[in-house]
Amino acid sequence: MATDADPEPMTIAVAVTPAGELPDTDLEPETSVFTHFYMPSAGNSVSEVFGFDLGTPVAQSDGLFVSHPSGRLDVTKEDDLHEVVFVAVPPWDDDSIAAFDRRGAEQPLTVLDVEPPEEVLE
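Report follows, based on the coordinates. Predicted model only: the values in this text are computed from it and were never measured.

What follows concerns the packing of aromatic side chains. Within this structure, the stated rule accounts for one aromatic pair. Taking the centre distance of 5.0 Å and the plane angle of 85 degrees together, the rings of Phe34 and Phe86 count as edge-to-face. Of this pair, Phe34 sits in strand β2 (residues 32-38) while Phe86 sits in strand β4 (residues 84-88), placing them 52 residues apart in sequence.

Okay, structure coming up:
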């Protein structure tokens, strides 16, 4: 998505799933794993009219993905700081993404090969 948006930056809310709800992980069950993102365009028409962000469920976004097409692999003053901020830069590959805490300190980033549980609307 960041490649498609380039040269414009992109911001996407990212939500967690407890590791205990994921298959085949060696993590403690209560460990938060970032598994879902919310499309930035979801709910835009209502947001533009009423000022509510319907694209991201309330209190479900612990993280944020931001792209920096300028190539700066770091948190900037313009980034909306969450508990964790994932920053990606060109060339948009696995070596071009990093995780930071809200103070801007780089955090370890581990990629898991698991699928989150299917969500069902009730």
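Now for the environment of His68. Following the sequence through the fold, His68 ends up in the loop between β3 (63-67) and β4. Of the residues examined, His68 reaches a relative accessible area of 8% and is grouped as buried. It is 8.7 Å that separates the C-alpha atoms of His68 and Ala2, two residues lying 66 residues apart in sequence. Those residues in contact with His68 that sit more than four places away from it in its chain are Asp74, Thr76, Asp79, Val87, Ala88, Val89, Pro90 and Trp92. At 3.1 Å, the side chain of His68 and the side chain of Asp79 are in polar contact.

Turning our attention to the sheet that holds β4. Paired through backbone hydrogen bonds, the strands of a sheet run either parallel or antiparallel to each other. Strands sit in the order β2-β1-β3-β4-β5-β6 across an open sheet of six strands; the sheet is mixed. Each edge of the sheet is formed by a strand with only one pairing partner; in this case those strands are β2 and β6 (106-107). Of the strand pairs in this sheet, β3 and β4 are connected by five bridges, and their pairing is parallel. Bridge pairing links Gly63 to Val84 in β4.

Time to look at the nonpolar core. Formed by Ala2, Met10, Ile12, Val14, Phe65, Val84, Phe86, Ala88, Trp92 and Ala99, the largest nonpolar core amounts to ten residues. Contributing elements (two or more residues each) for this core: β1 (11-18) and β4. If one sorts the elements of this core by residue count, β4 sits on top with three residues.

Conventions adopted
- Residues numbered from 1 in each chain as written.
- Predicted model: local features only at pLDDT ≥ 70, side-chain atom pairs only at ≥ 80, totals over all residues.
- Heavy atoms only, no water.
- Phe/Tyr/Trp six-rings, centres within 6.5 Å; stacked < 30°, edge-to-face > 60°.
- Helix = DSSP H or I, 4+ residues; strand = E, 2+ residues; numbered from the N terminus.
- Buried < 20%, exposed > 50% of the residue type's maximum accessible area, 1.4 Å probe, protein only.
- Contact = heavy atoms within 4.5 Å.
- Polar contact = N/O pair within 3.5 Å; in protein donor to acceptor, adjacent residues only side chain to side chain.
- Pairing = 2+ DSSP bridges.
- Core = buried A, V, L, I, M, F, W, Y, C linked by side-chain atoms within 4.5 Å.

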